[in-house]
Structures are given as C-alpha cells and as structure tokens.
Amino acid sequence: IQVRQAEITSKISTNDNHQSKLNLLPSLEGNLTFSNNFGNGFNPQTYSYAVGNSQSLQTSLQGTLPVFTGLQQIFNIERTRYELLASKFDYENAKRNIALSVASSFLQTLLNKEILKVAEKQKLLTQTQLASVNSKIKAGALPETSGLEAETQLARDEANVVAAQNAVELSLLSLRQLLQITDEQFEIETPEVKFENTEDVAALSAQNIYQSALITQPTVLSAEARMKSANASHKMSIGALSPTVSVFGNLSTGYFSQDHKYSVSYDTINIGGTNFSIPKQNDLGQKPFAESFRDNFRKVVGISLNVPLFSKWQKMTNIQNARLQMHIRELQLESSKNQLRTDIEQAYTNAKAAVQSYAANKKSMESAAKTFAAFEKRFNAGMLGTYEFQQAKNNLAVAESEMIKAKYTYVFRLKILDFYQG
C-alpha cells in the first residue's frame, strides 16, 4: 500500500509539472449573462435610462497572455520539476524499503525452517536413544531411571518441535501479510543459500560505501531535489516584486429588449423669412435580436502593466519565509546524509560482527558434533551415563541452532551492504 501511495503521489507531481508548463499559454474565458429586469432599468448598450420591464443578454470572450511576470512562471516550472524528481525518489525508496522488509521476513522464515529441522533431528536421536536405553534396561545393563530420563528428554524434544513449527507458521503468516497474500496455503521454496567469501567484507570500507550511497540512495537524492525546489520557490518570491506585463483582447456584444430602432427626418420651418431644417427622430419599434447583436459588437485589444507598490509587506514576508524554508530543506538534506552515514557504519560493523560470529559458531558446532560422536560411541558401549549423553546431544542442538542463526544473520547483513552500494 505504501508503494502504491508513493506511486500515486509521483503521478500527482507529474501533473503539477505539466500544468506549470501549460501556465505559459494564454487564458481564454467566455461569459454569457441573461437578466430579467422588473421596473425601470438601465440599457447597458446605450448607457441610457429605460422605462418598464426589460430583458438583457450579454456575451463576451476575453483572452489574456502574460508577457512578463518576473520569471515566476519559469521558476515555477523549475520548482515542480524538482518536486517531481523528489516524488520519484520517494517512490523508489518505498520500493526499496519494502524489498528489505520482504527479504528480512523471507530469511527469518528460512531460519525457522532450519531450526525446525534441527529440532526434528534431535527428537529422532532421542527416540533412537530411548529404544537403546529400553533394551539395555531389559538386559539389566541400565537402571529404570535411565529410561525415565530418556522419556523426559523426548517430551522436551517434542515440545521444541511444536515450538519450532509454530515459529515457522508465524513467520510464514508475517511474510504473507506483508505481501498481502490471502491464500492460507501460501508456502515458500527453500533455495540453496550460498555464502560469499567472508574476506569480501574485510575488503570493504564504510567510507567507500557511504560515498557510493550518496549518489544512489533515494533518501538523499529526494532531499537534494527538495532543497533545489525550495531554492526555486525563493526565486519565485523575489520575482513577485517585479512589475508584470500582459496583453489582452476582448470580443463582446449584447441584446436589450428596450433597445429601439430610430430614423431621422427633417421638418422645415420659416423664421423671419429664412427656412430652417429641424431634425426629427422617428421611433421604428423594437430593434430585432440579430440586428441588436450585430450593432452592439465590440472589439478591444490592450496591454496591461501592473506595478506592485505596497502590499502590506506581504511579498517581503514571503521572501523571508521562502529563504527560511530553503534553510530547512538544507538541514533536512544534511540530516539525511548523517542518518545514511550512521546506518552504513552500523551495517558495516554488524556485517563484520556477523562474519566473526558465523565463523565462531561454525567451529563451535563442529566441536560439539565431534564431542557428541565420541559420547555416542561411549554410550553405546555402556561406558557413559544417560545424563552425560543427553547433555552432549543438547549441546549439539544448541550449537547447530546458533550456527544457523549466525549464518542467516550473516547473509542478511551482506544484503544490507549490497543495498547501500546500490
């Protein structure tokens, strides 16, 4: 779910970046307004007083193109580009984190399966021992208490097998839930776990791994991208102080029901023997809709200059906040690098310790196996008591379990070092 959420966030950032580029295009708006006026009103076409109820229809189409905005649009494209880059690194980091979790859970399941095999092996050995002890008791070579000790040990071994089985089932359940698999019959294959040369870890250096991780780890790359995004935001806030220039155009027309057609005629009057022509306006009735639309058609083209003079210090505050936000992102980048260095140093130290632990536990198991083999011969020859033999067997079981734990810890520690090396 976290991976899919990060993917969706990355897609949102892609849309934001695309929109920041589209913001360079002109804007175009259409408007249509109809009104029914009751009582005397105002003729919006002739800007004159109208008597009686009327209806009006206004339409317009207006376009605006920013020519210069203090480079704010350019810096916004830069900002969204770095935000997109950061979200992609976040997506990659989510995938890597879940990969590490799955690897850890998978290796834990393999470990529990190996421990189950050891427990089953110990139970089988105890069953064989019990049969041998019972035959010796019947022959009078051992007391009956030896049989009771062997039966007690078998009960403990059976309990260990049950506990190991439960551990396997729980680890499988954890892995299944992590992968969101609902099939209760879910099972994993057990691959052959190959061990790299333990000398490879000694050849590595935490500092070299760190330098490699700086250019590959998404957490650091994401923090770097967001710091650059904050820098672009700071440039945008400074650009807001600049005057802005834009060009615009407008087409509009309208209809008003009280708009009438008129014709002009002239009456002649004689004053003092001189004829004068007096114009006379004749009302021809309501103007037709189409004619009204044609006569009222207007075209406007212009250029607009907007100079910010005083905005209650808001723009200066925005610049200061943007600069502080840039410092926050710088500190977050520094924190990411410090955390990465800490994680790598711990991982490298753990890997070296895992190599040593694996080698030591391997020797311990080999020694316990030799001791058990010697004790088994003596027990079969009747030269060793049941208690001593069981102690040797238990020591072997513990040594085998510890060696297996060290083995898978070693494998996982190496995988973590691989992870940090990209």
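Provided above is the structure to which this section pertains.
What counts and how
- Residues numbered from 1 in each chain as written.
- Predicted model: local features only at pLDDT ≥ 70, side-chain atom pairs only at ≥ 80, totals over all residues.
- Heavy atoms only, no water.
- Helix = DSSP H or I, 4+ residues; strand = E, 2+ residues; numbered from the N terminus.
- Patch = residues over 30% accessible without salt bridge, like charges linked within 9 Å, V, L, I, M, F, W, Y side chains within 5 Å.
- Areas by Shrake-Rupley, 256 points an atom, 1.4 Å probe, with all protein chains shown as cover.
- Salt bridge = Lys/Arg side-chain N within 4 Å of Asp/Glu carboxyl O.
- Buried < 20%, exposed > 50% of the residue type's maximum accessible area, 1.4 Å probe, protein only.
- Phe/Tyr/Trp six-rings, centres within 6.5 Å; stacked < 30°, edge-to-face > 60°.
- Lys NZ or Arg CZ within 6 Å of the ring centre and 35° of its normal.
- Axes fitted to C-alpha atoms, helices over the stretch in contact; angles between N-to-C directions.
- Parallel < 35°, antiparallel > 145°, perpendicular 65-115°, else oblique.
- Left-handed = near helix turned anticlockwise from the far one by under 90°.
- Nonpolar A, V, L, I, M, F, W, Y, C, P; charged D, E, K, R; others polar.
- Expected span 1.5 Å × (residues − 1).

Asker: Would you explain the environment of S292 in this entry?
Answerer: Of note, S292 is situated in helix α7 (residues 289-295). A C-alpha to C-alpha distance of 9.3 Å links S292 and K261, two positions 31 residues apart in sequence.

Asker: What is the right way to look at a nonpolar patch on the surface in this model?
Answerer: Taken together, L24, L65, V67, F68, L71, I74, V247 and I303 make up a surface patch of nonpolar side chains, about 670 Å² in accessible area. The element best represented in the nonpolar patch is strand β4 (residues 54-68), accounting for 3 residues. Examined against the element boundaries, I303 turns out to sit in strand β8 (residues 298-306). Taking the relative accessible area as the measure of exposure, I303 reaches 62% and is therefore exposed.

Asker: Is there a simple way to think about the packing of aromatic side chains in this case?
Answerer: Two numbers describe a pair of aromatic rings. These are the distance of the centres and the angle of the planes. Scanning all chains against the criterion turns up 6 aromatic pairs. With centroids separated by 4.9 Å and ring planes inclined at 25 degrees, the aromatic side chains of F289 and F293 adopt a geometry described as stacked. Taken together, the positions of F289 and F293, both in helix α7 and 4 residues apart, correspond to about one turn of that helix. Considering the side-chain rings of Y358 and Y410, the 5.6 Å spacing of their centres and the 5 degrees angle between planes classify their relative orientation as stacked. A residue pair is termed long-range when its members are at least 10 positions apart, and Y358 in helix α8 (residues 314-380) and Y410 in helix α9 (residues 386-420) qualify at 52 residues. Taken as a pair, Y358 and Y410 share a single burial class, namely buried. Its guanidinium or amino end placed over the ring of Y91, K95 lies 4.7 Å from that ring's centre, counting from NZ or CZ. Over the ring of Y210 we find R341, and its NZ or CZ is 4.0 Å from the ring centre.

Asker: Help me understand the packing of helix α2 (residues 72-138) against helix α3 (residues 144-178), please; the structure alone is not making it clear to me.
Answerer: A pair of packed helices is captured by two measures, namely the crossing angle of their axes and the spacing between those axes. At a minimum axis separation of 8 Å, α2 and α3 run at an interaxial angle of 165 degrees. By the angle between their axes, α2 is roughly antiparallel relative to α3. Where α2 crosses over α3, the handedness of that crossing is left-handed. Of the residues belonging to the contact of α2 with α3, the class tally is 17 nonpolar, 16 polar and 7 charged.

Asker: Looking at this model, I keep getting lost on α2. Mind explaining?
Answerer: In an α-helix there are 3.6 residues to a turn, and that puts residues three or four apart on one side. The end-to-end C-alpha separation of α2 is 98 Å, in line with the 99 Å expected for 67 residues at 1.5 Å each. Note on α2: the residue one or two positions beyond its end, G140, has a positive phi of about 80 degrees.

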